[in-house]
Amino acid sequence: MTRTKAAPITDIGASLDEDAPIVLLNARTGKRTAYWAELDANATDPARQALIIHPAANLAEGTRYIVALRSMRDSAGRLIPPGPAFAAYADSPHGAGKVDSRRQAQMNKIFATLEKAGVKRHSLYLAWDFTVASEQGLSERMLHIRDDAFRQLGDTDLDDKRVKGRSPRFAVDSVQDFAACGSDGCQTGENDQVARRVAGRVFVPCYLDESGCPSGATFHYANGASVPSQIPGNERAANFICNIPRSAVSGGRIRKAHPSLYGHGLLGSADEVDSGKLYTIGDDHGIMFCATDWIGLARDDRATAAAAYSDISKFPTAADRGQQGMLDFLYLGRAMIHPDGFAANPAFQFTVHGRTESVIDTRELLYLGGSQGGIMGGSLTAVAPDFTRGVLGVPGMNYSLLLNRSVDFAPFQAIFDQNYPDKLDQQIIFGLLQMLWDRSEAGGYAHHMTTDTYPNTPAHQVLLLASYGDHQVSTWSAAVEARTIGARIRTPLLDPGRSQEKTPFWGVPRMERSPYRGPATITLWDIGPLRTVDGQVEGTPPPPIANVPNSEGVDPHGPDATETAAGQEQLATFLLDGVVVDTCGDHPCYLDHWTGP
């Protein structure tokens, strides 16, 4: 695209220039929309190399857009003439007899709209229009199963932030108390930060077509309905693990812990809540983290996920089960804050000075997720009735953008290559699959994550903690999410010369003060440039410009912000108080011992 001078990922603002060779136009408003363009770096045949146009922010739902290509040039800089079919439409009425008259009428509308925007029809190489999926088409399945499941609890008013009706049923399977660590350090059965670990199951209505919602099942649709329904009596026993912080029961009295859901990483499980960083955050700030498997992309789904890339027709299993997974989180959250839920169970009660009481502050629920839990956490936040603040760690959205740019996709790419070897086919498949992904990942819910809330849903705030040069969830995808949800970004972003962009995080307004209270905020954390210190490789390069993963140096996906004292203070303050505090001082936010140039 160098010869054509289409706007690259490093200069998105150029996509809005009057003479931009690619125009992305909102047909309703007539305004140009920002994007970047790239050639697929994974292509093996130049004749089958895809030109990919990425909107800088997700396009408006249910809205018609026009794409126009003009002044396209080949690698030698020669102008590429339009194909004969398109040229016949562009030359109409001279193309009479060479074109379909019905299609000509539609093309004339496209040409007329482009003319009003200053794009002449005879300058075009190609032009077409399309309509973005509607709000209803993207979210109606998830909102329906949410509303139906909470109706079964006796709560139909989900936007008032009040818990009504019954608690979800649950069972406690194990309770493990930890002694404080001794002078010999922490031994088996000892933990200075966790007082008790509780594990069990929450029983959730299952809307998939197999008993218990196993991996590989898809939504059950009765009698041709457009929304899923529950097979009578079908439910899922969603596992949970909760860690009660020691600070909640220390000092001779009970200090109520703030309950928070935790969303785990790619193809992981609820036991990722058993981590040192969460122990520290929980104990220092009085937060009880509880997790369940994010089914659809959990450990039990690994075989199903692999099979989907050998036969794409199986892919609806991931999208459908992912929405059921969102419902599992919502039901777990309701059990955590319902007065007759966890708080009423002896496993979540302690006796101090002869008085037994719950350690859970049931007034408010919170959410923290990382990696996949940061991606899917965006969609969960958009539909959540019981928490209004969520922290999304190392986040992004739009898997069709993410996969080529993630080191995690390598084993699936090998399967994909065996069954769909044509790289052009692969890019078309990614685009088609995004329409299914949108039903369960943040991309399909981003417009309603913090503003323009869904019906029967409260408003939310989010804080994105992004890592610069992330190897697993590309920083570019976090920027797209930030633009889409209207986030403000904390400054200074990066050290001088660190970014390859003409304007780093173009289109994301700056956070002008601290503390900041707004619907959406992003903070960027940097591990520093690739370098060698005392024979040890540290840092990482900027995110690659091409659609390939960053794979050099240390992956700032972890150590990430949640593993630093500054990041933990920032996220906990936001979760508990709803404000973003600048904990990095007068310099960028740093990771992993990097202190700046």
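Below or above, wherever it landed, is the structure these notes cover. (Residues numbered from 1 in each chain as written. Predicted model: local features only at pLDDT ≥ 70, side-chain atom pairs only at ≥ 80, totals over all residues. Heavy atoms only, no water.)

Some points on empty space enclosed by the protein
Leftover empty space is mapped by rolling, across the atoms, a probe with the size of a water molecule. Just so we agree on the cut-off: Here the term cavity refers to a set of points on a 1 Å grid, laid over the protein atoms alone, in which a 1.4 Å probe fits but cannot get out; the term pocket refers to an open set having protein on both sides within 12 Å along at least five of seven lines, with lining residues being those that place an atom within 4 Å of a point. Grid points are joined across faces, edges and corners, and a volume is the space filled by probe spheres set on the points. Each helix is a run of DSSP H or I of at least 4 residues and each strand a run of E of at least 2, with the numbering of both proceeding from the N terminus. As a working rule, the residues Ala, Val, Leu, Ile, Met, Phe, Trp, Tyr, Cys and Pro are called nonpolar, Asp, Glu, Lys and Arg charged, and the rest polar, with Gly in that last group.
This model, assessed by the stated rule, comprises three cavities of 30 Å³ or more. One number sums up the size of the largest cavity: a volume of about 370 Å³. Surrounding the largest cavity, 24 residues form its lining, Leu266, Leu297, Tyr309, Tyr399 and Leu403 being those nearest its centre. Among the secondary structure elements, those contributing two or more residues to the lining of the largest cavity are α5 (302-308), α6 (316-337), α7 (372-383) and α8 (399-402). Of the residues in the lining of the largest cavity, the class split is 17 nonpolar, six polar and one charged. When residues of the lining of the second largest cavity are traced back to their parent elements, those giving at least two are β8 (235-245), α4 (276-285) and β10 (287-291). In terms of residue class, the lining of the second largest cavity is made up of eight nonpolar, three polar and one charged.

Re the state of the cysteines
As used in these notes, a disulfide is a covalent bond between sulfur atoms, one from each of two cysteines. We count it as follows: Pairs of cysteine sulfur atoms within 2.5 Å are identified as disulfides in what follows. Only protein chains enter the accessibility calculation, which uses a 1.4 Å probe; a residue whose area is less than 20% of its type maximum is buried, one above 50% is exposed, and one in between is partly exposed.
Applying the stated criterion across every chain, the model contains four disulfides. Between the sulfur atoms of cysteine 206 and its disulfide partner cysteine 213 the distance amounts to 1.9 Å. On the S-S bond that ties cysteine 206 to cysteine 213, the torsion sits near 120°, and the link is right-handed. Note on accessibility: cysteine 206 and cysteine 213 belong to one class, buried.

A word on the pattern of salt bridges
Let me state the cut-off plainly: We count a salt bridge whenever a side-chain nitrogen from Lys or Arg sits within 4 Å of a carboxyl oxygen from Asp or Glu.
Counted by the stated rule, this structure contains 30 salt bridges. Its salt-bridge partner being arginine 32, residue glutamate 18 comes within 3.8 Å of it at the nearest N-O pair. Here the residue glutamate 18 occupies a position in the segment before β1 (22-26), and arginine 32 occupies one in the loop between β1 and β2 (35-39), the gap between them amounting to 14 residues. Judged by relative accessible area, which is 60%, glutamate 18 ranks as exposed. Several salt bridges share partner residues, and in doing so they unite Asp155, Asp160, Lys164, Arg334 and Asp386 into one network.

Considerations on the sheet that holds β1
Operational definition: When DSSP finds two or more bridges between two strands, those strands count as paired. Under this scheme, a helix contributes an axis fitted over its contacting stretch, all axes are lines through C-alpha atoms, and angles between N-to-C directions fall in the 0 to 180 degree range. In this description, contact between two residues means that some pair of their heavy atoms is separated by no more than 4.5 Å.
Across the sheet, three strands lie side by side as β1-β4-β5; this open sheet has antiparallel pairing. For this open sheet the edge positions go to β1 and β5 (124-131), each flanked by a neighbour on one side alone. If you compare each strand with its neighbour and ignore which way they point, the axes differ by 15° on average. In the sheet, β1 pairs with strand β4 (residues 64-70) via five bridges, with the strands oriented antiparallel. The partner of asparagine 26 across the bridge, within β4, is tyrosine 65. Here helix α2 (residues 101-116) sits on the sheet in contact with β1, β4 and β5, set at roughly 105° to β5.

Regarding the pairing of β8
Burial runs high along β8: eight of the 11 residues are buried. Of the pairings in the sheet, the one linking strand β7 (residues 194-205) to β8 comprises 11 bridges and is antiparallel in character. Paired with alanine 199 across the two strands is isoleucine 241, which belongs to β8. Sheet analysis places β8 next to β10, joined by three bridges and oriented antiparallel. By the bridge assignment for β10, isoleucine 241 is matched with alanine 291.

Overview of the nonpolar core
Worth spelling out the cut-off: By convention a nonpolar core is built from buried Ala, Val, Leu, Ile, Met, Phe, Trp, Tyr and Cys residues, the set being connected through side-chain atoms within 4.5 Å.
Counting 107 residues, the largest nonpolar core has Tyr309, Phe342, Phe348 and Ile522 as the members making the most contacts within it. Among the elements that line this core, the one with the most residues is α6, at 10 residues. Every residue in contact with phenylalanine 342, bar those within four places of it in the chain, is listed here: Phe170, Val202, Phe240, Cys242, Leu332, Ala335, Met336, Phe348 and Ile360. Among the nonpolar cores identified, the runner-up in size contains 27 residues, and Ala199, Leu366, Leu463 and Trp525 belong to it.

What about the packing of aromatic side chains?
In this description, an aromatic ring pair is defined by two values, namely the gap between the centres and the angle between the planes. Just so we agree on the cut-off: Whether two aromatic rings pair depends on their centres lying within 6.5 Å, for rings of Phe, Tyr and Trp, where Trp uses its six-membered ring; planes under 30 degrees apart make the pair stacked, over 60 edge-to-face, and the rest tilted. For a lysine, the NZ atom is tested; for an arginine, the CZ atom; a charge sits over a ring if that atom is within 6 Å of the ring centre and within 35 degrees of the ring normal.
Using the criterion set out here, one finds 23 aromatic pairs in the structure. Geometrically, the ring pair formed by phenylalanine 170 and phenylalanine 342 is edge-to-face, given 4.8 Å between the ring centres and 75° between the ring planes. Remark: phenylalanine 342 occurs in the loop between α6 and β11 (349-352) and phenylalanine 170 occurs in strand β6 (residues 170-177); sequence separation between them is 172 residues. With 6.2 Å between their ring centres and 85° between their planes, phenylalanine 219 and tyrosine 221 make a pair best called edge-to-face. Here the aromatic cluster, defined as three or more aromatic residues joined through ring pairs, consists of Tyr309, Phe315, Tyr399, Phe409, Phe412, Phe416, Tyr420, Phe430 and Trp437. Over the ring of phenylalanine 350 we find arginine 196, and its NZ or CZ is 3.9 Å from the ring centre.

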